[in-house]
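One letter stands for each residue in the lines below.
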Amino acid sequence: DDGGAAAAAAAATPLAPGQRRYDHEDSSHANWHRHKKHVFVLSAAGRPIYSRYGDEQNLAAFMAATSGLVSFVDHLGDTLRHVVAGEHVLVFETRGPIYLVMIARTGECVEQLRRQLDYVYGQIVLVLTGSGIEKLFRNQNFDLRNLLGGTNAFIDNLLHKMDHRAAYFADALHPLRLEP
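What counts, and where the lines are drawn
- Residues numbered from 1 in each chain as written.
- Predicted model: local features only at pLDDT ≥ 70, side-chain atom pairs only at ≥ 80, totals over all residues.
- Heavy atoms only, no water.
- Pairing = 2+ DSSP bridges.
- Helix = DSSP H or I, 4+ residues; strand = E, 2+ residues; numbered from the N terminus.
- Axes fitted to C-alpha atoms, helices over the stretch in contact; angles between N-to-C directions.
- Contact = heavy atoms within 4.5 Å.
- Salt bridge = Lys/Arg side-chain N within 4 Å of Asp/Glu carboxyl O.
- Buried < 20%, exposed > 50% of the residue type's maximum accessible area, 1.4 Å probe, protein only.

1. Focus: the sheet that holds strand 4 (residues 88–95)
Thought 1: If you walk across this open sheet you meet the five strands as 2-1-5-4-3, and the pairing is antiparallel. Of all the strands in the sheet, just strand 2 (48–51) and strand 3 (82–85) have a single pairing partner and so form its edges. Taking the axes of each pair of neighbouring strands and ignoring which way they run, one obtains an average angle of 15° across the sheet.
Thought 2: In this fold helix 2 (residues 60–75) packs onto strand 1 (37–43), strand 2, strand 4 and strand 5 (98–104), with an angle of close to 75° to the strand it touches most, strand 1.
Thought 3: Across the sheet, helix 3 (residues 110–128) lies against strand 1, strand 3, strand 4 and strand 5, angled at about 40° from strand 4, the strand it touches most.

2. Here we look at the pattern of salt bridges
Thought 1: Using the criterion set out here, one finds eight salt bridges in the structure.
Thought 2: When the shortest N-O distance is used, the salt bridge between Arg81 and Glu93 registers 3.7 Å. One end of the pair, Arg81, is in the loop between helix 2 and strand 3; the other, Glu93, is in strand 4, with twelve residues separating them in the sequence.
Thought 3: On the accessibility criterion, Glu93 (9% relative accessible area) is buried.
Thought 4: Among the salt bridges present, the one from Glu111 reaches Arg114, with a minimum N-O distance of 3.8 Å. Linking Glu111 with Arg114, this pair stays in helix 3, spanning three residues, or about one helical turn.
Thought 5: Beyond isolated ion pairs, a larger network of salt bridges with shared partners links Arg81, Glu93, Arg95, Glu111, Arg114 and Asp118.

3. Quick word on the pairing of strand 3
Thought 1: In this sheet, strand 4 lies alongside strand 3 in antiparallel orientation, the contact comprising four bridges. Bridge pairing in strand 4 links Ala85 to His88.

Spelled out as structure tokens, the structure:
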């Protein structure tokens with residue numbers, strides 16, 4: 001399988017400033033499907049805002065289809081909360097004009113995945129301070145990525161920590177080690 005060799009080569013290549021390790025992947029890339037947890041943030045108009053793996057622009061068609069699915073269910077007077085498909089769990093959160101979607105095959109329950117989406121949304125709101133979200137309300141074609149400028153690394157780091165620290169799920173404080 002060349003996918004493993006290509007991934008190893010990509011990991012060994014130094015990244016340019018602002019470049020992320022998985023930016024070269026999209027939904028047609030074999031390695032993209034191997035990740036156990038994907039997170040997508042998009043506007044209600046289907047515009048990509050964030051993707052944990054892959055470049056948002058390369059995933060625009062995927063995100064537009066996701067937005068269409070959420071909007072279709074909303075139009076029927078219902079809310080799409082989650083879907084279980086085999087070993088995959090798809091969790092949907094709608095926050096005004098922002099849709100957050102997590103697709104996972106980690107064995108975590110829906111509420112754990114939903115809490116992770118809450119943290120991601122909190123990180124976005126922390127950066128935008130409400131003004132970007134207001135602009136999105138007024139003009140659904142507004143590209144929030146311009147206002148988030150470079151914060152993907154913070155969201156990536158947050159998601160990585162949530163994958164490895166259970167304290168996030170208990171709303172617990174992390175202990176601070178002190179020198180004796």
